[in-house]
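Descriptive analysis of the structure
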Amino acid sequence: MMLLGSDHGGLQLKDSIAAFLRERGIDFQDCGTFNGDSVDYPDFAEKVAGAVSRGEAASGILVCGTGIGISIAANKFPGVRAALATDPFMAQMAKEHNNANILVLGGRVTAPQKGREIVAAWLDATFAGGRHQARLDKITALEQRCRS
Ligand code: RB5
């Protein structure tokens, strides 16, 4: 299951991505926000990245105004690799090299059509493994050292 979340700055792009996922027949749950009222992006990062971190969801897409704040918050959760992408190549690499389990976009940076292209590139890419897995293992080890 994929989870979707945004603050008010990412709402429009998040809703456009939700429509795109529906078109592609991808099963997802929208964790909000659901209207334009000002909200705090860490709360929506927690809904999505917390569930991914606990293994309750396989992946997620997060959107805030720039994508920066919600990335910072999402990457606090163990096992989460949240990658901000502003073009399809970044999104493809985020999966191929970083096995990003959360894709992040900026609603005030990325137009809806570009957003769809970015999401498609991430969905269609495959993790390359090999030397990239070894690097992810180093990130996991780093995470464990920081916790102890
Ligand atoms: C909210 O105004 C804005 O700060 C937020 O959407 C995001 O851009 C933060 O990084």
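Structural data are supplied above this passage.
The present account deals with the structure reproduced in this document.

Analysis parameters
Residues numbered from 1 in each chain as written. Predicted model: local features only at pLDDT ≥ 70, side-chain atom pairs only at ≥ 80, totals over all residues. Heavy atoms only, no water. Helix = DSSP H or I, 4+ residues; strand = E, 2+ residues; numbered from the N terminus. Rg over C-alpha atoms; globule rule 2.2 N^0.38 Å. Buried < 20%, exposed > 50% of the residue type's maximum accessible area, 1.4 Å probe, protein only. Contact = heavy atoms within 4.5 Å. Areas by Shrake-Rupley, 256 points an atom, 1.4 Å probe, with all protein chains shown as cover. Lys, Arg positive; Asp, Glu negative; His and termini not counted. Charge placed at Lys NZ, Arg CZ, Asp CG, Glu CD. Pairing = 2+ DSSP bridges. Axes fitted to C-alpha atoms, helices over the stretch in contact; angles between N-to-C directions. Near = heavy atom within 4 Å. Polar contact = N/O pair within 3.5 Å; in protein donor to acceptor, adjacent residues only side chain to side chain. Nonpolar A, V, L, I, M, F, W, Y, C, P; charged D, E, K, R; others polar. Parallel < 35°, antiparallel > 145°, perpendicular 65-115°, else oblique. Left-handed = near helix turned anticlockwise from the far one by under 90°.

1. Re the overall build of the protein
Looking only at helices and strands, one finds six helices and five strands in the protein. Against the 2.2 N^0.38 benchmark of 15 Å for 148 residues, the protein shows a C-alpha radius of gyration of 14 Å, consistent with a compact globule. Overall, the C-alpha framework of the protein stretches about 40 × 30 × 25 Å when taken along its three principal axes. A buried classification covers 46% of the 148 residues belonging to the protein. Across the protein, the fraction of contacts at a sequence separation of at least 24, relative to all contacts at a separation of at least 6, is 69%. As displayed, the protein has an accessible area near 7,400 Å², and 51% of this comes from carbon and sulfur atoms. Taking the 16 positively charged and 16 negatively charged side chains of the protein as two groups, their mean positions are separated by 7 Å.

2. Some points on the sheet that holds strand β1 (residues 2-6)
If you trace the five strands from one edge of the open sheet to the other, you get β2-β1-β3-β5-β4, paired in parallel fashion. In this open sheet, the two edge strands, each paired with only one partner strand, are β2 (28-30) and β4 (82-84). Mean inter-strand twist for the sheet, computed between neighbouring axes without regard to direction, equals 20°. Strand direction decides the pairing type here: β1 and β2, joined by three bridges, are parallel. Pairing of Leu4 across the sheet is with Asp30, part of β2. Contacts between helix α5 (residues 112-124) and the sheet are confined to β1, β3 (59-64) and β5 (102-106), with β5 contributing the most and set at about 165° to the helix.

3. Focus: the site of the ligand
Every residue near the ligand is listed here: Asp7, His8, Tyr41, Cys64, Gly65, Thr66, Gly69 and Arg108. One nitrogen or oxygen atom from the main chain of Gly69 is found 2.9 Å from an oxygen atom belonging to the ligand. For the ligand, the accessible surface in isolation is 290 Å², of which the surrounding protein chains cover 71%. Across the shell around the ligand, the residue classes tally to two nonpolar, four polar and two charged.

4. Some remarks on the environment of Leu4
With respect to the helices and strands, the residue Leu4 is situated in strand β1. Between the C-alpha atoms of Leu4 and Asp15, which are eleven residues apart in sequence, the distance is 9.2 Å. Once residues lying within four places of it in the same chain are set aside, the contact partners of Leu4 are Lys14, Ile17, Ala18, Leu21, Phe28, Gln29, Asp30, Cys31, Gly32, Val48 and Ile61.

5. Digging into the packing of helix α1 (residues 11-23) against α5
Relative to each other, α1 and α5 sit at 50°, their axes nearing to 10 Å. Here α1 is positioned oblique relative to α5, judged by the angle of their axes. For the pair α1 and α5, the crossing hand works out as right-handed. Across the interface between the two elements, Leu13, Ser16, Ile17, Ala19, Phe20, Leu21 and Glu23 from α1 touch Pro112, Gly115, Arg116, Val119, Ala120 and Leu123 from α5. Across the contact of α1 with α5, the residue classes tally to nine nonpolar, two polar and two charged.

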